Amino acid sequence: MIGRLNHVAIAVPDLHAAAAQYRDTLGAEVGAPQDEPDHGVTVIFITLPNTKIELLHPLGPDSPIRAFLDKNPSGGIHHICYEVADIRAARDHLTAAGARVLGNGDPRIGAHGKPVLFLHPKDFAGTLIELEQA
Ligand code: CO
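Residues numbered from 1 in each chain as written. Predicted model: local features only at pLDDT ≥ 70, side-chain atom pairs only at ≥ 80, totals over all residues. Heavy atoms only, no water.

**A short note on the coordination of the cobalt ion**
Link 1 in the chain: Taken together, the protein donors to the cobalt ion comprise His-7 (NE2), Glu-54 (OE), His-79 (NE2) and Glu-130 (OE), at separations of 2.1 to 2.5 Å.
Link 2 in the chain: Around the cobalt ion, the 4 donor atoms are arranged such that angles at the metal cover 83 to 172°; this shape is classified as irregular. (Donors = N, O, S within 2.8 Å, 3.2 Å for Na, K, Ca; no water. Tetrahedral: all angles 85-135°; square planar, octahedral: opposite > 155°, others 65-115°.)

**Remarks on the pattern of salt bridges**
Link 1 in the chain: Following the criterion strictly, the structure yields 5 salt bridges and no others.
Link 2 in the chain: A salt bridge links Arg-4 to Glu-83, with the shortest nitrogen-to-oxygen separation between them at 3.1 Å. With Arg-4 in the segment before β1 (5-11) and Glu-83 in strand β6 (residues 76-84), this pair connects stretches of sequence that are 79 residues apart.
Link 3 in the chain: The class for Glu-83 is buried, based on a relative accessible area of 13%.
Link 4 in the chain: Arg-100 is the salt-bridge partner of Asp-123, the closest N and O atoms lying 2.9 Å from each other. Here the residue Asp-123 occupies a position in the loop between β8 (115-119) and β9 (129-133), and Arg-100 occupies one in the loop between α3 (87-96) and β7 (108-109), the gap between them amounting to 23 residues.
Link 5 in the chain: Residues participating in the shared-partner salt-bridge network are Arg-91, Asp-92 and Asp-106. (Salt bridge = Lys/Arg side-chain N within 4 Å of Asp/Glu carboxyl O. Helix = DSSP H or I, 4+ residues; strand = E, 2+ residues; numbered from the N terminus. Buried < 20%, exposed > 50% of the residue type's maximum accessible area, 1.4 Å probe, protein only.)

**What to know about the layout of surface pockets**
Link 1 in the chain: Estimates place the volume of the largest pocket at around 450 Å³.
Link 2 in the chain: Listed by contribution, the elements that provide at least two residues to the lining of the largest pocket are β4 (41-47), β5 (52-58), β6, β8 and β9.
Link 3 in the chain: Examining the composition of the lining of the largest pocket, we find that 3 residues originate from one element, β8, more than from any other. (1 Å grid on protein atoms, 1.4 Å probe; cavity = no way out; pocket = protein on both sides within 12 Å on 5 of 7 lines; lining within 4 Å. Points joined across faces, edges and corners; volume = space filled by probe spheres on them.)

**Notes on the side chain of His-7**
Link 1 in the chain: On the secondary structure map, His-7 appears in strand β1.
Link 2 in the chain: Side-chain polar atoms of His-7 contact the side chain of Asn-6, separated by 2.8 Å.
Link 3 in the chain: In terms of polar contacts, His-7 uses its side chain to reach the side chain of Glu-130, at 2.9 Å.
Link 4 in the chain: Residues within four places of His-7 in sequence aside, it is in contact with Phe-45, Thr-51, Lys-52, Glu-54, His-79, Ile-80, Cys-81, His-112 and Glu-130. (Polar contact = N/O pair within 3.5 Å; in protein donor to acceptor, adjacent residues only side chain to side chain. Contact = heavy atoms within 4.5 Å.)

**A short note on α3**
Link 1 in the chain: Taken together, the buried positions of α3 are occupied by Ile-87, Ala-90, Arg-91 and Leu-94. Looking straight down α3, one finds its buried side chains confined to an arc of 100°; they lie on one side.
Link 2 in the chain: Here the buried face of α3 lies against β6, β8 and β9.
Link 3 in the chain: Among the residues trailing α3, Gly-98 stands out with phi positive, at a value near 100°. (Arc of directions from axis to C-beta.)

All quantities given are derived from atomic positions and should not be read as evidence of function.
Shown next, in the form of structure tokens:
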């Protein structure tokens, strides 16, 4: 059911330092910061030949990644995102199999303007999984 790895998201305490490291030290193609107020994050996408890296930084006081950074002050891998062809069909299949979808279960529009869902990390080996309709 899942397709390509769309991106790996890394929560970072200093967005500009992390972007500079990817651009200048690792030699990657680094995009511009984008505020995502609906998700409480500012993101920078890094384009690699086979996938993307999403640098995440809290935006606003209720950011869902603030607690993650409190526990991981130097940053860390926050989630991985797999592509699916039909996000509602994927959700129905997963919930029938006992997996928990975060929030109210309805897809939201993610950072690429496409519908996304998040799956509970306790159901997937401690890894927060984002599904994005490709
Ligand atoms: Co993501």
